[in-house]
Amino acid sequence: MNTVILMGRLTRDPEVRYSSGENATAIAHYRLAVDRRFKRDGQQEADFFDCVAFGRQGEFAEKYLHQGTKVVVQGRLQNDNYQDREGRMVYRTQIVAESQEFAESKAASQSNASSYRPPVDPAAAAPSAAPAASGMPGEGFMNIPDSIGDELPFV
């Protein structure tokens, strides 16, 4: 089974191209920054994943997804291995998006845009292209005191 589910923010607007031929298909490429659960030295860290969406999913990405948009992407992991012009092997892994959904309301997305601070993407050409961890309350997991374990029926 090959299934991946990620929630994160787009580091920049998707790059969309259309295949040539009679039935042109949209192909959208974007990078997703996914916050790690734990912080190092008080700083939020993120992992960056390259995603590609085809057809209607690519058209959706072109029309609705923009830098900083928080989305949930469900898809599969795919390896693209090829030989470059110098004869070297290039190994690349990307997420092929099968579904994309908004992870926050439009109002929340717009309000978070003003407090947007990007984490450092080591693979990005320009540091300003990476998204931020929103740090807004209510996102992620809630802290539950240890003493509540006696009250939970499934512990």
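An account of the accompanying structure is given in this report. Here the structure is a predicted model, which is why all the values come from computation and not from measurement.

### Some points on the overall build of the protein chain
Helix and strand counts for the protein chain come out as two helices and six strands. In sequence order, the secondary structure elements of the protein chain are arranged as β-β-β-β-α-β-β-α. Every one of the 155 residues in the protein chain was classed for burial, and the buried ones make up 29%. Look at the contacts in the protein chain between residues 6 or more apart in sequence, and 59% of them connect residues 24 or more apart. Element-wise, carbon and sulfur atoms account for 50% of the exposed surface of the protein chain, whose accessible area totals about 10,900 Å².

### A short note on the pairing of strand 3 (residues 26-40)
Looking at chain direction, strand 1 (residues 4-10) and strand 3 are connected through two bridges and run antiparallel. Bridge pairing in strand 3 places Leu-10 opposite Leu-32. As paired elements, strand 2 (residues 15-18) and strand 3 share four bridges and run antiparallel to each other. Across the sheet, residue Val-16 finds its bridge partner in strand 3, namely Ala-28. Bridge count between strand 3 and strand 4 (residues 43-54): 11 bridges; the pairing is antiparallel. Note on strand 4: the bridge partner recorded for Ala-28 is Ala-53.

### Some points on the pattern of salt bridges
This model, assessed by the stated rule, comprises nine salt bridges. Here Arg-9 ties to Glu-104 by a salt bridge, and the two come within 3.0 Å at their closest N and O atoms. In this pair, Arg-9 sits in strand 1 while Glu-104 sits in the loop between strand 6 (89-102) and helix 2 (106-113), placing the two residues 95 residues apart along the sequence. Taking relative accessible area as the criterion, Arg-9 reaches 5% and is therefore assigned buried. In this structure, Glu-15 and Arg-12 form a salt bridge, with 3.9 Å as the shortest nitrogen-oxygen distance. Salt bridges sharing partners connect three or more residues here, namely Arg-36, Glu-45 and Asp-47.

### Here we look at the packing of aromatic side chains
The full count for this structure, using the stated rule, is three aromatic pairs. Centroid distance Phe-60 to Phe-102: 5.6 Å. Interplanar angle 50°. Geometry classified as tilted. Pair noted here: Phe-60 is in helix 1 (residues 55-64) and Phe-102 is in strand 6, with a separation of 42 residues, a long-range link. Taking the relative accessible area as the measure of exposure, Phe-60 reaches 22% and is therefore partly exposed. Between Tyr-64 and Phe-102, the ring centres sit 6.5 Å apart and the planes meet at 85°, which makes this aromatic pair edge-to-face. One end of the pair, Tyr-64, is in helix 1; the other, Phe-102, is in strand 6, with 38 residues separating them in the sequence. Taken together, the aromatic side chains of Phe-60, Tyr-64 and Phe-102 make up a single cluster linked through ring pairs.

### Describing helix 1
Every buried residue of helix 1 is accounted for by Gly-55, Gly-58 and Ala-61. For helix 1, the arc enclosing every buried residue in end-on projection is 120°, short of the 170-degree limit, so these residues lie on one face. Facing away from the buried surface of helix 1 by more than 90 degrees, the exposed residues are Arg-56 and Lys-63.

Cut-offs and rules
- Residues numbered from 1 in each chain as written.
- Predicted model: local features only at pLDDT ≥ 70, side-chain atom pairs only at ≥ 80, totals over all residues.
- Heavy atoms only, no water.
- Helix = DSSP H or I, 4+ residues; strand = E, 2+ residues; numbered from the N terminus.
- Buried < 20%, exposed > 50% of the residue type's maximum accessible area, 1.4 Å probe, protein only.
- Contact = heavy atoms within 4.5 Å.
- Areas by Shrake-Rupley, 256 points an atom, 1.4 Å probe, with all protein chains shown as cover.
- Pairing = 2+ DSSP bridges.
- Salt bridge = Lys/Arg side-chain N within 4 Å of Asp/Glu carboxyl O.
- Phe/Tyr/Trp six-rings, centres within 6.5 Å; stacked < 30°, edge-to-face > 60°.
- Arc of directions from axis to C-beta.

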